[in-house]
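Read off the chains here:
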Amino acid sequence: MDEAEKAVNEGEHPEVRDGSGGVWSGDWVAERLGVELVGDDRLTGLLGLALRRNPKRAHLLVSNVLGKHVPQAPSVVYGHGVALGRRVRELLGEDEARRAVVLGYAETATGLGHSVADGLGLAPYLHSTRRPVPGLAPAGGFEESHSHATSHLLLPEDPALLAGDGPLVLVDDEFSTGNTVLNTVRDLHERYPRRWYVVVALVDMRSAADAGRLEEFAREIGARVDLVAAASGTVRLPDGVLEKGQELVARYEAENAPLGARGTARASATGPQPDDDGTAPHVTHVDLDWPSGLPDGGRHGFTPAHRIRLEAALPAMAARIAEALPPGVRRVHVLGFEELMYAPLRLAEALERTTDAEVRYSTTTRSPVLALDDPGYAIRTRLAFPAHDDPADGPGERYAYNVAGAGSDAVVVVVDSAADTPALHAPDGLLARLAAYTPEVLLAVVPSYVPERPRMLPAPLRGPAFSSYAPEEVGWLLQDLSDVTLEAPTEEREEAIQSGGAHYAESLPVEYQPSEQYQELFHAALTVSAARIARAVGVVTETVLAERSPRPVLVSLARAGTPVGILMRRWAQHRHGLDLPHYAVSIVRGRGIDANALRWLAAHHDPRDVVFVDGWTGKGAITRELAQALTEFEKSDGVTGFDPEIAVLADPGSCVRTYGTREDFLIPSACLNSTVSGLVSRTVLRADLVGPHDFHGAKFYRELAATDVSVAFLDAVSARFPEVADAACAQAAELLAADRTPTWEGWAAVERISEEYGIHDVNLVKPGVGETTRVMLRRVPWKVLARAGAGSDLDHVRLLAEQRGVPVEEVDALPYTCVGLIHPKYTRGATGADGKAVTL
């Protein structure tokens, strides 16, 4: 491990290797213009000075560690970015660092920003660009006032990348006036306001007045703004420096034009030329075998999953470059291309570890700078060549600095495929210019990433347009299928499901319309159990707040979990004054959770704050389904942080650690279907209705509003919060200190019952009061097993059983209050367990 790599691993800045022999590469400008760098001792090691061909600013601070104008060891370039990223992570803390997004500036800081994102950890990365993409609408833009090319576009493939409220980390090579950052933050804050911004730069060169402007701006927008830099200081400029600098540029360009590559202003015009016959030089093409679909950089976003793929592929790609190098090569220069800085940097860094040759790295640029062959001047040579990527602002001249005359045995040019054009290979193109100064030119082309047209997932559905709940109570990550006929007779559904001809989520049962007697049972049960439910709500909510997240994002599993999620949200408001976000998503046994809903949640919230909520556990099938689905989602999308542990009101099956109670008692919301769940159906997943980029579907039964008790149920329970609050908090404290490891005794009981009753299918055994009620309302029941001595908790089940001609069998030592058995071999001519025809 070399010193630079060791420094990266230790979070320090690697040693700068500027090859100056002790002469500061800013002496020439300082002596002639009177420019001074004042500040940290490290400044002169990090920076040199040159003269711009720019009417807005005379001098140019030339970084020795950026890898743009001055060739540098790639480990040094990458190391400085990673070290800054680690400092940002320390500033933010682990929690906020995971919620951050890193934004780099084109063209100079695209690689630096990406390296900072690597040091930060799991943050996605985006850089601004001057290359528009037809059909891709900008998510933002800003002006860089001192630049020769000012228009910056933000073109994330996923617009939600910038829509979160986590910290935004803005990375530039230098922080001089702060204008660029202020323009960026002002534009983005209007669209996507957030609490925290972090500005990162290799050097902070602001004046005291400019520093005050940043603090004033932070107060103006009501956000925190921090600055992280490798070194700080300021540039002292004498009066008239702009005019004097312009005079120097004009004089030395005129004097040096005939001199050739070293010390020339226009090596492309007058330096040594390629072959006299005008043909293009020989170039060795290197097939990188770049991973399919992997972005070439952060122009359209680069996620942690992309980073994992790149890291795995880098050694093999570097080995292919090494194999293509000529034997005995001692010095290799890897030359990137304008905004394409990160991919060439990482390839160069991997090559540095692969070969014994000395590796240097820099990129081409569109920035015009005077070149002078003087040890005290930062830009010693310049190659000029025509732009070769069909730029949006038209043709123009491009430059490679300090490459000509550097003594490289080989130059490896790395461009994206959009820039691999005839102009690149032309007799006056970049490759020909390089061939005049090095024995070997190699070309590696990275496929230009073309983003798919963004598919905007819709905003959550909310009442009263969808559901009878208030809009702030829950957002449904579903699509509205209210106008589609999905209901099928119960007997047809059951036969199709058991025969394997259809999945239960492809249709809906006809909504059960409760009789007057049944409705009376619901209201009586609610009166008796409201306090017990309120206490369980308090226990599970306090447990979540103490153990999972201080500001959780509640995500109910629609639809049974939705009333519980709303009650938990109300408890958090009542007890702690918290206004928690709450959503409902679809999960389907055998099909998993809605992946598009997860993508929406990950784009808008920190996945680690998400707490999945359900009403109760039966045998734990959904618990297992969720865990498996999240594992698959992490592999497919690279999004980590979602916790598969479900928080439930009741856990009679002992399947989870986060619960309000493990008693199997009547939760009145289990007695009804949509009329206690916001008038929303169970969810639907059918290929002809739900496409690969759609949320799962559901219906809103507006026509049942007259019998809707959804809000009445919530109000009855939340009205009891004050009287149970102390007891609930005390019980939660006890549970937090107790061993709550799931025993899965419910699953064991279901397996035993399945075999004992000759069913041989655990999916047809539905344990617990809630699941048994669902069997009676939605499926074809065979029989009900009731724990001996079970009381009023089963009144509604007994009534339903009587109405449907289903026997109720009392069983000793049943771990649940009751268990519903679905008919194991149902056909429309089948009979119940007692030999009588099943009533439908």
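Residues numbered from 1 in each chain as written. Predicted model: local features only at pLDDT ≥ 70, side-chain atom pairs only at ≥ 80, totals over all residues. Heavy atoms only, no water.

1. Looking at the pattern of salt bridges
For step 1, the next point in the chain: Scanning all chains against the criterion turns up 39 salt bridges.
For step 2, the next point in the chain: Among the salt bridges present, the one from Glu107 reaches Lys68, with a minimum N-O distance of 3.2 Å. Placement of Glu107 in the loop between β4 (101-104) and α5 (110-120) and of Lys68 in the loop between β3 (59-63) and α4 (74-99) is noted, with a sequence separation of 39 residues between them. Comparing Glu107 with Lys68 shows no difference in burial state: the two are buried.
For step 3, the next point in the chain: Measuring nitrogen to oxygen at the nearest pair gives 2.1 Å for the salt bridge that ties Arg331 to Glu358. With a gap of 27 residues between them, Arg331 in strand β12 (residues 331-336) and Glu358 in strand β13 (residues 358-363) connect regions that are remote in the sequence. (Salt bridge = Lys/Arg side-chain N within 4 Å of Asp/Glu carboxyl O. Helix = DSSP H or I, 4+ residues; strand = E, 2+ residues; numbered from the N terminus. Buried < 20%, exposed > 50% of the residue type's maximum accessible area, 1.4 Å probe, protein only.)

2. Quick notes on the packing of aromatic side chains
For step 1, the next point in the chain: Scanning all chains against the criterion turns up eleven aromatic pairs.
For step 2, the next point in the chain: Judged by centre distance (5.4 Å) and plane angle (80°), the ring pair of Trp28 and Tyr377 falls under edge-to-face. Here the residue Trp28 occupies a position in helix α2 (residues 27-33), and Tyr377 occupies one in the loop between β13 and β14 (382-386), the gap between them amounting to 349 residues. Pair check on accessibility: Trp28 and Tyr377 agree, each one buried.
For step 3, the next point in the chain: Summarising the aromatic geometry, the rings of Tyr399 and Tyr401 are spaced 5.8 Å apart at their centres and angled 20° between planes, so their arrangement reads as stacked. Comparing Tyr399 with Tyr401, the two get one shared label, buried.
For step 4, the next point in the chain: Clustering of aromatic rings is evident, with ring pairs tying together Phe466, Tyr469, Trp476 and Phe700.
For step 5, the next point in the chain: For the cation-ring pair, Arg346 lies above Tyr78, with the distance from its terminal atom to the ring centre recorded as 4.2 Å.
For step 6, the next point in the chain: Sitting over the face of the ring of Trp747, Arg624 holds its NZ or CZ atom 4.1 Å from the ring centroid. (Phe/Tyr/Trp six-rings, centres within 6.5 Å; stacked < 30°, edge-to-face > 60°. Lys NZ or Arg CZ within 6 Å of the ring centre and 35° of its normal.)

3. Considerations on the sheet that holds strand β5 (residues 125-127)
For step 1, the next point in the chain: Read from one edge to the other, the open sheet built from six strands follows the order β1-β10-β9-β8-β4-β5, with strand pairing classed as mixed. Each having just a single partner strand, β1 (36-39) and β5 make up the two edges of the open sheet. The sheet shows a mean angle of 30° between the axes of neighbouring strands, direction not considered.
For step 2, the next point in the chain: Alignment of strand β8 (residues 168-175) against strand β9 (residues 196-204), held across seven bridges, turns out to be parallel. (Pairing = 2+ DSSP bridges. Axes fitted to C-alpha atoms, helices over the stretch in contact; angles between N-to-C directions.)

4. Points about the nonpolar core
For step 1, the next point in the chain: The biggest cluster of nonpolar side chains holds 137 residues, and the ones touching the most others in it are Val169 and Tyr377.
For step 2, the next point in the chain: For Tyr377, the contacting residues outside a window of four places in its chain are Ser25, Trp28, Val29, Leu49, Ala50, Leu51, Val369, Leu370, Ala371 and Leu372.
For step 3, the next point in the chain: Tyr469, Ala534, Tyr583 and Ile587 belong to the second-largest nonpolar core, a separate cluster that totals 102 residues. (Core = buried A, V, L, I, M, F, W, Y, C linked by side-chain atoms within 4.5 Å. Contact = heavy atoms within 4.5 Å.)

5. Remarks on the pairing of strand β2 (residues 47-51)
For step 1, the next point in the chain: Taking burial as the measure, the five residues of β2 include five buried ones, the bulk of the element.
For step 2, the next point in the chain: Here β2 shows two buried faces, one formed by Leu47, Leu49 and Leu51 and the other by Gly48 and Ala50.
For step 3, the next point in the chain: Direction of pairing for β2 relative to β3: antiparallel, over a ladder of five bridges. Bridging across to β3, Leu51 finds its partner in His59.

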